[in-house]
Amino acid sequence: MDKVEKMKQEKQYEQYVKQKTPVHNVYVNMFKAFITGGIICTIGQFIYNYCELQKLSKEECGGWTSMLLVLLSVILTGINLYPKIAKWGGAGALVPITGFANSVAAPAIEYKKEGQVFGIGCKIFTIAGPVILYGIFTSWVLGFVYWIYKLL
């Protein structure tokens, strides 16, 4: 293949890629993420404030808030609404604790037909497993380094 033919082929490929690549508006995506994350955080704040009205401690309020947000996320994942929210809101729905709960619940729901052990048990941590594993391992390593530092 000569140079002219190769350049022509590369140009055609670039045009094909440009035609097939979706166009995203970064500012619109940031706005959607801001709105979605803001709504999730506002719901969390309402739960926290309600717990404070019930005279719970700060730790209990935080625990109930996290627990209820995770529960809400799993329910919305189960009725196939959270993936639609995440598609629209992007990182605004995936970064908070609700996104983590969705990443655990979605594979479990998807593979439940495979059974309790080989379906739910094996697939539940498909996405979240590495995050949990490396998070715990990293915290252990950093704790060990800190402990050694304190000994010196």
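Parameters and conventions
- Residues numbered from 1 in each chain as written.
- Predicted model: local features only at pLDDT ≥ 70, side-chain atom pairs only at ≥ 80, totals over all residues.
- Heavy atoms only, no water.
- Phe/Tyr/Trp six-rings, centres within 6.5 Å; stacked < 30°, edge-to-face > 60°.
- Helix = DSSP H or I, 4+ residues; strand = E, 2+ residues; numbered from the N terminus.
- Buried < 20%, exposed > 50% of the residue type's maximum accessible area, 1.4 Å probe, protein only.
- Contact = heavy atoms within 4.5 Å.
- Disulfide = S-S within 2.5 Å.
- pLDDT = per-residue confidence, 0-100.
- Patch = residues over 30% accessible without salt bridge, like charges linked within 9 Å, V, L, I, M, F, W, Y side chains within 5 Å.
- Areas by Shrake-Rupley, 256 points an atom, 1.4 Å probe, with all protein chains shown as cover.
- Salt bridge = Lys/Arg side-chain N within 4 Å of Asp/Glu carboxyl O.
- Expected span 1.5 Å × (residues − 1).

Asker: Help me out: how do you make sense of the packing of aromatic side chains in this one?
Answerer: What describes a pair of aromatic rings is the distance from one ring centre to the other and the angle between the planes of the rings. For the structure on display, the rule yields three aromatic pairs. Between Phe 137 and Trp 140, the ring centres sit 6.5 Å apart and the planes meet at 25°, which makes this aromatic pair stacked. Of this pair, Phe 137 and Trp 140 both sit in helix 8 (residues 128-151), three residues apart, roughly one helical turn. A ring pair is formed by Phe 144 and Trp 147, whose centres lie 5.9 Å apart and whose planes are at 40°; its orientation type is tilted. Residue Phe 144 and its partner Trp 147 are both found in helix 8; the two are separated by three residues, about one turn of the helix. Residue Trp 147 is classed as partly exposed on the basis of its relative accessible area of 49%. These aromatic residues form a ring-pair network of at least three members: Phe 137, Trp 140, Phe 144 and Trp 147.

Asker: Hey, could you run me through the side chain of Ser 73 in this one?
Answerer: Within the fold, Ser 73 resides in helix 3 (residues 58-78). Residue contacts for Ser 73: discarding those within four places in its chain leaves Tyr 82, Thr 98, Ala 101 and Asn 102.

Asker: Please clarify how the state of the cysteines should be interpreted in this entry.
Answerer: Note: disulfide means a covalent bond formed between the sulfur atoms of two cysteine side chains. Taken as a whole and assessed by the stated rule, the structure comprises zero disulfides. Not part of a disulfide, Cys 51 finds its nearest cysteine sulfur in Cys 61, a span of 4.8 Å.

Asker: So what exactly am I meant to see when it comes to the confidence of the model for the chain here?
Answerer: Should the pLDDT be low somewhere, the predicted coordinates at that spot are not to be read in detail. With 86% of its residues at a pLDDT of 70 or more, the chain has an overall mean of 85. Within the chain, the lowest mean pLDDT, 66, falls on helix 7 (residues 116-123), and the highest, 95, falls on helix 2 (residues 26-53).

Asker: Is there a simple way to think about a nonpolar patch on the surface in this case?
Answerer: Where nonpolar side chains cluster on the molecular surface, the patch consists of Trp 64, Met 67, Leu 68, Leu 71, Ile 75, Ile 79 and Leu 81 and spans about 650 Å² of accessible area. Of note, Trp 64 is situated in helix 3.

Asker: I'm lost on helix 1 (residues 3-20) in this one. Help?
Answerer: The periodicity of an α-helix, 3.6 residues per turn, causes residues three or four positions apart to be oriented the same way. In this model helix 1 runs 26 Å from its N-terminal to its C-terminal C-alpha over 18 residues, within 8% of the 26 Å that 1.5 Å per residue would give. Of all 18 residues making up helix 1, only zero are buried, and the element is barely covered by its neighbours.

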